[in-house]
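Descriptive analysis of the structure
Residues per chain, in single letters:
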Amino acid sequence: MDYMVVYSSKTGNTKKVATEIFSALPGMSKDMQSVGEYRGKDADIFFVGFWVDRGTCDISVIDMLSRLHGKKVALFGTCGMGSDAGYFKMIEQKVKVWIPDDCEYLGTFLCQGKMPMQLRENYEITMEDPRQEAWRRQMLRNFDEGLFHPNEEDLAHARKFVERLLGVKG
């Protein structure tokens, strides 16, 4: 079985998860490249990683996914906006639509990731509207929690994701 791990990573979070997924794949017939490096190398199973950009993946991942045909595809990604299961499900739904119908979708693994420090400044400005202020405080909590992700527990879950999909034990 040939495996290809392709990822888009803006801050290094998704690359960290991609490296863990790559190491969990069995055998020697596997490769890992960033979306920018990827030039169409073929494989039986693709693990495609992304950073969450406004609730979905970035355009480079959309383009890459759209060109896969007749492959098995698993998705993985990192998200700075918390680790809510409902939010993760919404992201999965928005990204998997880019997988062509002739591919077999295997599943998605998502975990929280840290965001660039300059984004925290956007959330530090107090708002007068109580609802906006509650939202701002939640964004600060998400940001601060994300500073510790992806962590060892997240990486262990990424390994288990691979093992479950492939029916192997690492």
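Structure shown above.
Attention here is on the structure that accompanies the text. (Residues numbered from 1 in each chain as written. Predicted model: local features only at pLDDT ≥ 70, side-chain atom pairs only at ≥ 80, totals over all residues. Heavy atoms only, no water.)

**Points about the overall build of the protein**
The number of helices and strands found in the protein is six helices and five strands. Counting helices and strands in the order they occur from the N terminus, the protein gives β-α-β-β-α-β-α-β-α-α-α. For the protein, whose C-alpha radius of gyration is 17 Å, the value lies close to the compact-globule estimate of 15 Å for 170 residues. The principal-axis extents of the C-alpha atoms in the protein amount to approximately 55 × 30 × 25 Å. Put simply, the protein has 170 residues, and 46% of those count as buried. As displayed, the protein has an accessible area near 9200 Å², and 52% of this comes from carbon and sulfur atoms. (Helix = DSSP H or I, 4+ residues; strand = E, 2+ residues; numbered from the N terminus. Rg over C-alpha atoms; globule rule 2.2 N^0.38 Å. Buried < 20%, exposed > 50% of the residue type's maximum accessible area, 1.4 Å probe, protein only. Areas by Shrake-Rupley, 256 points an atom, 1.4 Å probe, with all protein chains shown as cover.)

**Comments concerning the sheet that holds strand β2 (residues 30-34)**
The strand order β2-β1-β3-β4-β5 describes an open sheet built from five strands, whose pairing is parallel. Because the sheet does not close on itself, it has two edges, and the strands there are β2 and β5 (104-112). The mean inter-strand angle of the sheet, taken between neighbouring strand axes irrespective of direction, is 15°. Alignment of strand β1 (residues 3-7) against strand β3 (residues 45-51), held across five bridges, turns out to be parallel. For V5, the partnering residue across the bridge sits in β3 and is F47. Those strands touched by helix α6 (residues 152-166) are β1, β3, β4 (72-79) and β5, and its axis lies near 170° from that of β5. (Pairing = 2+ DSSP bridges. Axes fitted to C-alpha atoms, helices over the stretch in contact; angles between N-to-C directions. Contact = heavy atoms within 4.5 Å.)

**Thoughts on the packing of helix α1 (residues 13-24) against α6**
For the pair α1 and α6, the least separation of the axes is 9 Å and the interaxial angle reads 45°. Taken together, α1 and α6 sit at an angle that is classed as oblique. For the crossing formed where α1 meets α6, the hand is right-handed. Here α1 contributes K16, V17, E20, I21 and A24 to the contact with α6, which in turn contributes L155, A158, R159 and V162. Class assignment for the residues of the contact of α1 with α6 results in six nonpolar, no polar and three charged. (Parallel < 35°, antiparallel > 145°, perpendicular 65-115°, else oblique. Left-handed = near helix turned anticlockwise from the far one by under 90°. Nonpolar A, V, L, I, M, F, W, Y, C, P; charged D, E, K, R; others polar.)

**Observations regarding the packing of aromatic side chains**
The tally for this structure, following the rule as stated, stands at three aromatic pairs. Centre to centre, the rings of Y38 and F46 are 6.2 Å apart; their planes meet at 90°, and the pair counts as edge-to-face. A relative accessible area of 14% places Y38 in the buried class. Measuring from ring centre to ring centre gives 6.0 Å for F109 and F161, while their planes differ by 35°; the resulting arrangement is tilted. (Phe/Tyr/Trp six-rings, centres within 6.5 Å; stacked < 30°, edge-to-face > 60°.)

**Examining the pattern of salt bridges**
One side chain can pair with another of opposite charge once the charged atoms of both are near each other. Under the defined criterion, the tally for this structure stands at five salt bridges. With a closest N to O distance of 2.3 Å, E20 and R159 form a salt bridge. Of this pair, E20 sits in helix α1 while R159 is found in helix α6, placing the two residues 139 residues apart along the sequence. On the basis of relative accessible area, R159 is assigned to the partly exposed category, the value being 29%. (Salt bridge = Lys/Arg side-chain N within 4 Å of Asp/Glu carboxyl O.)

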